[in-house]
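Here's the letter readout for the chains.
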Amino acid sequence: MMKKRYRAALGVFSAVLGACGVSEHRPQGSGGSSGSMTGGAGTGGAGTGGSSAVPSAGDGGAAGKRTGRGGTGQTASGGTSGGAGSPEGGAGETDPSACSPGIPATSQLPRMKNAAYDNVIRDLLGVSTLASAEGQKPSDLLYPDSGGALTADAWRLYQGTASTIAHEVITGSKKAQFLSCDPTAPDCFSDTIKSFGRKAFRRPLTETEVASFLRLTNAPSPGTPDEVAEAILYTFLASPSFIMLPELGADREDDAIKLTSYEVATRLSFLLWNSVPDGALNDAADNGELESKAQILAQTQRMLNDTRAQAMFTAFGRAYLAVAAGSHWLTGADHDSTAFPKFTPAAVAPLLGEVDAFFQDVTFNGGSFRDLFLSDVGFVNRDTAALYGLDPAQFGSDFTRVQLDANQRPGVLTRAGFLSTFSHYTSSAPVLRGAFISIRVLGLDPGPPPPPPSQLPPPSDAYTTERDLVAALTAPAQCAGCHAYLDPPGFVLEHYDAVGSWQDMDPRGGAIDGTADVLLSGDPPTPTTISSPLELMTALAGSESAQRHFAEQLVAYASGRAPNAMDACTVDKLAQNVKTDGYAVRDLFADYTQADSFRLRSVGEAP
Amino acid sequence: MNRRLFLRGLGGACVAAPFLSSLGGRAVRAESVAPPRRLIVMFTHYGCITTRWFPGKSHGPLTPDDLLPTTLNHLTPFIDKLLMPRGIRAMNEWTFDMVRGQGNDQHTQVVGSYFTCQPVSPNSSDPFSFDSATKFNAMPVGPSLDHVITQQLRPGSTPLFMRLANRNDTPQSAISYSAGATLFPGLGSPSQIFASLTGLFQAGPMSPDTYQTFRGKSAIDIFRDDLDTLERYDMSQSDKNKLEAWKALLDQTTTMMRSAQCNAEMATALGLTQANVNAASTSGLGGDILTTKVAGDMDGADVYSNLAVLAAVCDASPVIVLKYPGSYVYEGLGVRTESASLAHRLDNAGLSGTCVPRALDMILTIDDYYAQKFAYLVKQLDAIDEGDGTVLDNTAAVWFQEVSDGLACNLNNIPIIQAGSCGGYFKTGWAVNVEDASPTLSQGNSEIFCSPDGSDMVDGIHQASGTDPKYANAPINKYYCNLMNALGVKAGPDGFAAANGTAEVTKFGMYDKTEDFIGGGSISPIIHDPGEYVALKAT
């Protein structure tokens, strides 16, 4: 009966796709259709709370794209940008998926992100946590990442954090990381300003700048050597040239402007290590050895082999999978431990940790896009083992790298970290899972949703599977238009219960039906019948839509902004390599650094 | 904290950064000045059970007996310092037949227009449309009150806007806009807010001769040199704007003046130790942090309130906002239904259906909690001496609610309670019906559904549970004018707040009549009833 109803819904599949507006390659940060889909029984009224049931490609609305009509005599000015997509730019009005050769305009004054701030402080000063702030990371004290002009709050926090760090360093065991000479020696502070400034500003300081900092050593009421050292360090850490990553080179190459070697070094180190350049990279910059693509590639490959690149791969994984505050990854972890005794709150953190570890393991060790969807590697501890049918007694609190059942656990989307968070408190959520795969992995765009139905069928115990219930809820034509293609990947994943354990029988009593017609591409919108999670993951790994969307997300992550038409040329090249069997994800990052847009910039307003 | 935190005597003495005299020719204010006036806003979503919230008396002197039978009973100790403006309407109400505002969304258009009195854009003329752009992402076309005030009193600065429970806002819940279509996120984590305040602490009277003083001046000079250098490069206008804004912040730093009470001891007295602040900072994994006890009786929400008090003492901003989250599950109160659905007496996002069991009891539990939290804030403000009175006396602490009745989502008869006279500007100890001084204004009809005597079937479309739209329609814009004038905001010749203005503020927003919002700005801007509410002012 259920099957018949579902087939009936698919009968309107092609007819309603137009109304649903499905298309591919939705630009990141373009707002999203939050709140448009029913996430469970009983939702779908006129909308009161606005909780989002569908993972969108990026949080935030389309701020900055609208034109406000001035107010009526109010005087508030600019302020921060609305936070669409990336802090340093939004999507342009042109089709961002069509290649338009050129160098995209970018801000010359991007601000260091908070995650990078932690790494920079660690690499410059050996400080990872702050004792006077209860062991918090330095960035925990900063204002959240934002674009546009610095706000008063953000500025106060930069100053306060710099002051805290400087005091702890000078009065603590890390003092030598900053001050490597006797401060009473004649040139100690001058040498420190030059040497630390070279690393902190990622370029040599000018004589004027050195003189400016030396003012701190010439007080009418002299400070103690430690006071002076602390003042110098504080001032460096709160300086605009430290907090921002200025790109000021002016040499031209055709219609674009070449970045200096120092600026290339900075782009490389913040891309691959999310931190300042190391000694070798600084030497290369000093020697002008970051001019050619080959020189850049050599440094890139060296850096990708360094363990500091692991964190970058984890961060990219989180960006690709949209693990962010407010996402289901972080808000959907609560489950009924009576109905699901294998699950305890202690499993929440390691389940997300496993996703990080999996992504890092595959990418850092040379794995391909395909491996992300098909690798059977798992990372399990005593709190998560039972969810995979393993004996918790065999595991400790740390992760153990294991091989899971290749048929049941192919790739990252069959890990309990995904399956349990894209679920409801007491049941699986095929709509959430299916929408994530359709939108986030395949890059399909449902467009704006149609008006809701006036009445949804009420939940009923008569349904023997969650799929049956969802199919009934979404059967009305107004719903079926989008749900008919968003939900099927979720139906295939119905073999996993609300906490990610394998199931053949639905808690409602019926047998699991994991066969569904999945739309793998919007062009043409021809569904493929898929019968198992392994088939689904194999199909995703081979999907050109998914491959291109992955390339697009990589460019978005690497550039720190939503891809535009000029980036699309780079995306096209990377997508070709993603398609190549066995092509390592890490090599895609090397490819990215070979694009002209990596070592050139253009003048103009960033979109 | 049952005792005065500090004895009188510190008065309004403020400490100016002692390096000021050497910078930029800026004047140094006198050591002893009048205490700053400030606005502290507490904002909660989804209204309340108005029949229990409003006292029966809508105009006249308030007595404890007026409040004791109501949700506001927790405020009786401060009865002489309360002001209850009645008869007021907020702007841009959503109705199913679109007769009192735009047709975007019951919440998006209301929160967007609440403190801006500007329509949201893009406009929707179909109240049941599910277009994301209009329903979920529409934003007001002008700035909100907190930014208008702050820009006036501290150019280049921003209000201290706190998102309780560190929940992010979307246009469907956001109330703060620094400019048209520019959502202001503020700060969410208590640890971040605390860190932003500890930087303002005074280490005691600062001598111009100490190295610390010299360090402060020199660092500012070095930052300014750095920005000047960057400014010499050719770059885009938006990048130049970044540099300009930063330089404005440096200017502001050099003119900061802080109360001598702005120090670590005050923070500790307020319970704001680093450990307590960290405990109230959410991990991002959810949970009801607001009702969780952090230390003694102080819960997570109280930590934010105390941060607001500390910010007031430190004069961190003339406007401090405590915004409670939307769609929140107050698990610690025994309420497992999220607040947005519960306001509709349901357990889902629908507008009609069968009452969820104990719906009214659960809403009243939340209402009571909010009232307790506001009373706690008031108590803390009143426990610190400042000038000839307390910090509360120099403050307008106002609890605003998004709507009146949470089911009808009506914006007339909006529940507002203010504590503090803002330096003697406002009348206190009174309920003031600004519309017609009637003492018997309706308390609304919040209990006609889901109560033992009411219907079990909820109707959230036809607004039967709200207040008859014929009553309580005095525009909220005028109250905002009161608040701006109380804080010292000045207007230009047209009556709108303006830089270098000298006149009293008499106008705010684009419209002061909710019907004018229909069309989303298609009607020319007009303020029908300029001026503030004289009846709210102290005589």
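Every value quoted in this text rests on a predicted model; they were computed, and no experiment measured them.

A. Main features of the overall build of chain B. Along chain B, the regular secondary structure elements total 14 helices and 22 strands. Taking all 539 residues of chain B together, the buried fraction comes to 65%. Pairs at least 24 residues apart make up 73% of the contacts formed inside chain B by residues separated by at least 6 positions. By element, 52% of the accessible surface of chain B is carried by carbon and sulfur atoms, the whole surface being about 17,000 Å².

B. A look at the overall build of chain A. In terms of helices and strands, chain A carries 26 helices and 9 strands. The contacts of chain A with a sequence gap of at least 6 include a subset with a gap of at least 24, amounting to 71%. By element, 52% of the accessible surface of chain A is carried by carbon and sulfur atoms, the whole surface being about 21,700 Å².

C. Spatial organisation of the sheet that holds strand 14 (residues 319-323) of chain B. All names here are of chain B. As summarised here, the arrangement of the 8 strands in space is 3-20-4-19-18-2-14-8, forming an open sheet in which the pairing is mixed. The open sheet terminates on both sides in strands that have one partner only, identified here as strand 3 (60-61) and strand 8 (160-163). Relative to strand 18 (residues 395-401), strand 2 (residues 38-44) runs parallel, the two sharing 7 bridges. Across the sheet, residue L39 finds its bridge partner in strand 18, namely A396. On top of the sheet, helix 14 (residues 476-487) reaches strand 2, strand 4 (82-86), strand 14, strand 18 and strand 19 (416-419); it is set at about 160° to strand 18, its chief contact.

D. Quick look at helix 6 (residues 190-198) of chain B. With 8 of its 9 residues buried, helix 6 of chain B lies for the most part within the structure. Within helix 6 of chain B, burial applies to B:P190, B:S191, B:Q192, B:I193, B:F194, B:A195, B:S196 and B:L197. Its buried side turned inward, helix 6 of chain B meets helix 4 (152-171) of chain A together with strand 8, helix 9 (264-269), helix 10 (274-279) and helix 11 (300-313) of chain B.

E. Quick peek at the nonpolar core. Counting residues in hydrophobic clusters, the biggest one holds 205 residues, and the most contacted among them are A:F242, B:L290 and B:F400. Residue assignment places this core across two domains, with domain 2 (94-110 + 258-306 + 566-607) and domain 3 (114-243) of chain A each supplying three or more. If you look at the next biggest cluster of nonpolar residues, it comprises 81 residues, including A:W273, A:F316, A:V355 and A:A546.

F. Quick look at the state of the cysteines. Summed over all chains, the structure comprises 3 disulfides over all chains. Two residues share a disulfide in this structure: A:C181 and A:C188, whose sulfurs sit 1.9 Å from each other. The sign of the 85° torsion about the S-S bond sets the A:C181-A:C188 disulfide as right-handed. You can see B:C481 has no disulfide; the closest cysteine sulfur is in B:C117, sitting 8.8 Å from it.

G. View of the pattern of salt bridges. The final tally for this structure, using the stated rule, is 45 salt bridges over all chains. Notably, a salt bridge pairs A:R599 with A:E253, separated by 2.9 Å at the nearest N-O pair. Taken together, the residues A:R599 in helix 26 (residues 596-599) and A:E253 in strand 2 (residues 252-253) connect sequence positions 346 residues apart. A residue is classified by how much of its surface remains accessible, and A:R599, at 11% relative accessible area, is buried. Residue class for A:E253 comes out partly exposed when judged on its relative accessible area of 24%. Ionic pairing is found between B:K135 and B:D105, a salt bridge with its closest N-O pair at 2.5 Å. In this pair, B:K135 is assigned in helix 4 (residues 132-135) and B:D105 in the loop between strand 5 (88-89) and helix 3 (108-114), connecting sequence segments 30 residues apart.

H. A look at the packing of aromatic side chains. For the structure shown, the criterion picks out 55 aromatic pairs over all chains. On the numbers, 6.2 Å between centres and 70° between planes, the contact of A:Y117 with A:F242 is edge-to-face. Of this pair, A:Y117 sits in helix 3 (residues 114-125) while A:F242 sits in helix 9 (residues 240-243), and the two are 125 residues apart along the sequence. Of the two residues, A:Y117 and A:F242, both sit in the buried class. Arranged with centres 5.8 Å apart and planes meeting at 35°, the rings of B:F115 and B:Y480 form a pair that is tilted. With B:F115 in the loop between helix 3 and strand 6 (120-121) and B:Y480 in helix 14, the pair connects residues that are 365 residues apart, well separated along the chain. We classify B:Y480 as buried; its relative accessible area is 0%. One aromatic cluster in this structure is built from A:F313, A:F316, A:Y320, A:F359, A:F364, A:F369, A:F373, A:F550, A:Y557 and A:F589. One residue, B:R215, lies across the ring of A:Y234, its end atom 4.4 Å from the ring centre.

I. How the structure looks around helix 23 (residues 544-559) of chain A. Residue and element names in this part refer to chain A. With 16 residues, helix 23 extends 22 Å from end C-alpha to end C-alpha; this agrees with the ideal 22 Å at 1.5 Å per step. For helix 23, a buried count of 13 out of 16 residues is recorded, marking the element as mostly surrounded by other parts of the structure. The backbone nitrogen of S545 lies 3.2 Å from a side-chain oxygen of the residue at the head of helix 23, namely S543. Note on helix 23: the residue one or two positions beyond its end, G560, has a positive phi of about 75°.

J. Looking closely at the packing of helix 10 (residues 261-272) of chain A against helix 12 (residues 293-305) of chain A. All names here are of chain A. Running from N to C, helix 10 and helix 12 cross one another at 30°; their axes reach a closest spacing of 11 Å. Viewed along their axes, helix 10 and helix 12 adopt a mutual orientation that is roughly parallel. Considering only the axes of helix 10 and helix 12, their crossing is right-handed. Contacts from V264, L268, S269 and L272 in helix 10 reach I296, Q299, T300, M303 and L304 in helix 12. Taken together, the residues that form the contact of helix 10 with helix 12 break down as 6 nonpolar, 3 polar and no charged.

K. Looking closely at the sheet that holds strand 2 of chain A. Residues and elements named next belong to chain A. Across the sheet, which stays open at both edges, the 3 strands sit in the order 2-3-9 with antiparallel pairing between neighbours. Looking at strand neighbours, the two that pair on one side only are strand 2 and strand 9 (600-601), the edges of this open sheet. Judged from the 2 bridges that link them, strand 2 and strand 3 (residues 256-258) form a sheet pairing that is antiparallel. Bridge pairing in strand 3 places R252 opposite I257.

L. Unusual backbone geometry, seen in detail. B:P122 follows B:S121 through a cis peptide bond whose omega is 0°. The phi dihedral of A:A322 falls on the positive side, at around 60°, and the residue is not glycine. Topologically, A:A322 is positioned in the loop between helix 13 (308-320) and helix 14 (328-331). Of note in this structure, B:R345 is not a glycine but carries a positive phi near 65°. Checked against the element boundaries, B:R345 lands in the loop between helix 12 (339-343) and strand 15 (352-354).

M. The confidence of the model for chain A, seen in detail. Overall, the predicted model of chain A reaches an average pLDDT of 82, with 81% of residues at or above 70. This model gives residues 24-93 of chain A a pLDDT under 50, and the stretch forms 214 contacts once residues within four places in sequence are excluded.

N. Summary view of the environment of A:N365. Residues and elements named next belong to chain A. In this fold, N365 is placed in the loop between helix 15 (348-364) and helix 16 (369-374). Among the residues examined, N365 registers a relative accessible area of 53% and is labelled exposed. For the pair N365 and R586, spaced 221 residues apart in sequence, the C-alpha to C-alpha distance is 8.3 Å. A polar contact of 2.9 Å, which involves the side chain of N365, links it to the backbone oxygen of D361.

O. Here's a closer look at the side chain of B:D512. Residues and elements named next belong to chain B. Along the chain, D512 falls in the segment after helix 14. No salt bridge forms around the buried D512; measuring N to O, its nearest opposite-charge neighbour K478 is 7.0 Å away. Within the structure, the side chain of D512 is placed 2.9 Å from the backbone nitrogen of H528, a separation counted as a polar contact. Of note is the side chain of D512, whose polar atom sits 2.8 Å from the backbone nitrogen of D529.

P. Molecular detail of the environment of B:G460. Residues and elements named next belong to chain B. Of note, G460 is situated in the loop between strand 21 (457-459) and strand 22 (474-475). Placed 107 residues apart in sequence, G460 and G353 show a C-alpha to C-alpha distance of 9.0 Å. What G460 contacts, discounting residues up to four positions off in sequence, is Q106, L351 and L407.

Q. Up close: the side chain of B:T76. Residues and elements named next belong to chain B. Summarising the element assignment, T76 is placed in the loop between helix 2 (64-67) and strand 4. Separated by 3.0 Å, the side chain of T76 and the backbone oxygen of N73 make a polar contact. Discounting chain neighbours no more than four positions away, the residues touching T76 are P64, L67 and L68.

R. Summary view of the packing of helix 3 of chain A against helix 4 of chain A. Residue and element names in this part refer to chain A. Packing of helix 3 against helix 4 brings their axes to within 13 Å, and their N-to-C directions diverge by 25°. Here helix 3 lies roughly parallel to helix 4, going by the angle between them. Read as a crossing pair, helix 3 and helix 4 show a hand that is right-handed. Here helix 3 contributes Y117, I121 and L125 to the contact with helix 4, which in turn contributes Y158, T161, A162, I165 and V169. Of the residues that constitute the contact of helix 3 with helix 4, the class distribution is 7 nonpolar, 1 polar and no charged.

Conventions and cut-offs
- Residues numbered from 1 in each chain as written.
- Chains lettered and ligands numbered in written order.
- Predicted model: local features only at pLDDT ≥ 70, side-chain atom pairs only at ≥ 80, totals over all residues.
- Heavy atoms only, no water.
- Helix = DSSP H or I, 4+ residues; strand = E, 2+ residues; numbered from the N terminus.
- Buried < 20%, exposed > 50% of the residue type's maximum accessible area, 1.4 Å probe, protein only.
- Contact = heavy atoms within 4.5 Å.
- Areas by Shrake-Rupley, 256 points an atom, 1.4 Å probe, with all protein chains shown as cover.
- Pairing = 2+ DSSP bridges.
- Axes fitted to C-alpha atoms, helices over the stretch in contact; angles between N-to-C directions.
- Core = buried A, V, L, I, M, F, W, Y, C linked by side-chain atoms within 4.5 Å.
- Domains from an automatic or database assignment.
- Disulfide = S-S within 2.5 Å.
- Salt bridge = Lys/Arg side-chain N within 4 Å of Asp/Glu carboxyl O.
- Phe/Tyr/Trp six-rings, centres within 6.5 Å; stacked < 30°, edge-to-face > 60°.
- Lys NZ or Arg CZ within 6 Å of the ring centre and 35° of its normal.
- Expected span 1.5 Å × (residues − 1).
- Polar contact = N/O pair within 3.5 Å; in protein donor to acceptor, adjacent residues only side chain to side chain.
- Parallel < 35°, antiparallel > 145°, perpendicular 65-115°, else oblique.
- Left-handed = near helix turned anticlockwise from the far one by under 90°.
- Nonpolar A, V, L, I, M, F, W, Y, C, P; charged D, E, K, R; others polar.
- pLDDT = per-residue confidence, 0-100.
- Lys, Arg positive; Asp, Glu negative; His and termini not counted.

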